[in-house]
Amino acid sequence: MRRLHAPFGPWDPAPAGEVAALFEEIGAPWWLAGGIAIELAVGRRLRAHGDIDVMVLRRDQARAQQALRGWELWAADPPGSLRPWAAGEPLAPGVHDIWCRPGPDAPWRIQLMLEESEGAAWVSRRDARVRRPLDALGFTTGDGTPVVAPEVQLHYKAKGVRPKDELDFDAALPHLAREQRRWLADALTTTYGPHPWAARL
């Protein structure tokens, strides 16, 4: 099987509007995620982005694949390498990230992130004890684009805090309502134990 090994080639992240157009007919939930989700929550640009993340539920992976039909889709399987994601192939639970580009000579445009769920609940892949109703997993922008909630995104970013994650946390903190702060503080403590962000919430 053909594999790609790092570095995997250049990125030219798709604009949010292009992503929305691709996924509007998916017939399943999806959300913009990553640093762009934080920016949409705070209402301003914070930094440059190397990619754009689209979160979908693992159970809807076939629908996501269909939304990007005609594109090259490469699964991070195992992490550190990429291999083609065959049409109709169900990806195993340990495979979470898929790099997507329109063709073999095109830059990467979208990163799909497969998320776990049980019934009507999202289940964090960081810690299965951290859950949330799917209908409370995000918010919708004025133009109808679904975006993962900032507290959920920050829970992911808290695993290995990098300078860009600190920047995102600092920007998002003033915008988090009391309920969002409480949820994030509980999720951080459950997953990571004592965490420097929890004390600031």
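So, a few notes on the structure that sits alongside this text.

### Some points on the side chain of R58
Tracing the sequence through the fold places R58 in the loop between β3 (53–57) and α3 (61–67). Exposure remark for R58: the relative accessible area of 10% places this residue in the buried category. For R58, the side chain forms a polar contact with the main-chain oxygen of L91, separated by 3.4 Å. For R58, the side chain forms a polar contact with the side chain of H96, separated by 3.2 Å. Among all residues touching R58, those that are not within four sequence positions of it are L91, A92, P93, V95, H96, L114, E115 and E116.

### Let's talk about unusual backbone geometry
Following D77, the chain continues into P78 via a peptide bond in cis, with omega recorded as 0°. Along the chain, P78 falls in the loop between β4 (72–75) and β5 (81–84).

### Description of the side chain of E39
On the secondary structure map, E39 appears in helix α2 (residues 34–42). Within the buried set, E39 has no salt-bridge partner at all; the shortest N-O distance to an opposite charge, 4.1 Å, is to R45. Not counting the four nearest positions on each side in its chain, E39 is found in contact with R44, R45, L46, R47 and H49.

### Some words on the nonpolar core
If you look at the biggest cluster of nonpolar residues, it comprises 56 residues, and the most contacted ones within it are V19, F23, W30, V54, I98, I110 and L112. When neighbours within four sequence positions are excluded, V54 is seen to be in contact with V19, F23, W30, W31, L32, I110, Q111, L112 and M113. Core analysis: the next-biggest nonpolar cluster, separate from the first, contains 6 residues, W74, A76, W99 and W108 among them.

### Section: the packing of aromatic side chains
Applying the stated criterion to the full structure yields 7 aromatic pairs. Here W122 and Y156 contribute two aromatic rings whose centre-to-centre distance is 6.3 Å and whose plane-to-plane angle is 70°, an arrangement assigned as edge-to-face. Within this pair, whereas W122 is found in strand β8 (residues 121–123), its partner Y156 is found in helix α4 (residues 150–157), the two being separated by 34 residues in sequence. A relative accessible area of 7% means that Y156 is categorised as buried. Ring geometry for W122 versus W183: centroids 6.5 Å apart, planes at 40°, classification tilted. Within this pair, whereas W122 is found in strand β8, its partner W183 is found in helix α6 (residues 178–192), the two being separated by 61 residues in sequence. W122 sits in the buried class, given a relative accessible area of 0%. Above the plane of the ring of W108 lies R101, whose end atom (NZ or CZ) is 4.1 Å from the centre. Across the ring face of W183, the terminal group of R132 is positioned such that the distance to the ring centre comes to 4.9 Å.

Conventions and cut-offs
Residues numbered from 1 in each chain as written. Predicted model: local features only at pLDDT ≥ 70, side-chain atom pairs only at ≥ 80, totals over all residues. Heavy atoms only, no water. Helix = DSSP H or I, 4+ residues; strand = E, 2+ residues; numbered from the N terminus. Buried < 20%, exposed > 50% of the residue type's maximum accessible area, 1.4 Å probe, protein only. Polar contact = N/O pair within 3.5 Å; in protein donor to acceptor, adjacent residues only side chain to side chain. Contact = heavy atoms within 4.5 Å. Lys, Arg positive; Asp, Glu negative; His and termini not counted. Salt bridge = Lys/Arg side-chain N within 4 Å of Asp/Glu carboxyl O. Core = buried A, V, L, I, M, F, W, Y, C linked by side-chain atoms within 4.5 Å. Phe/Tyr/Trp six-rings, centres within 6.5 Å; stacked < 30°, edge-to-face > 60°. Lys NZ or Arg CZ within 6 Å of the ring centre and 35° of its normal.

Distances and angles like these do not, on their own, reveal function.
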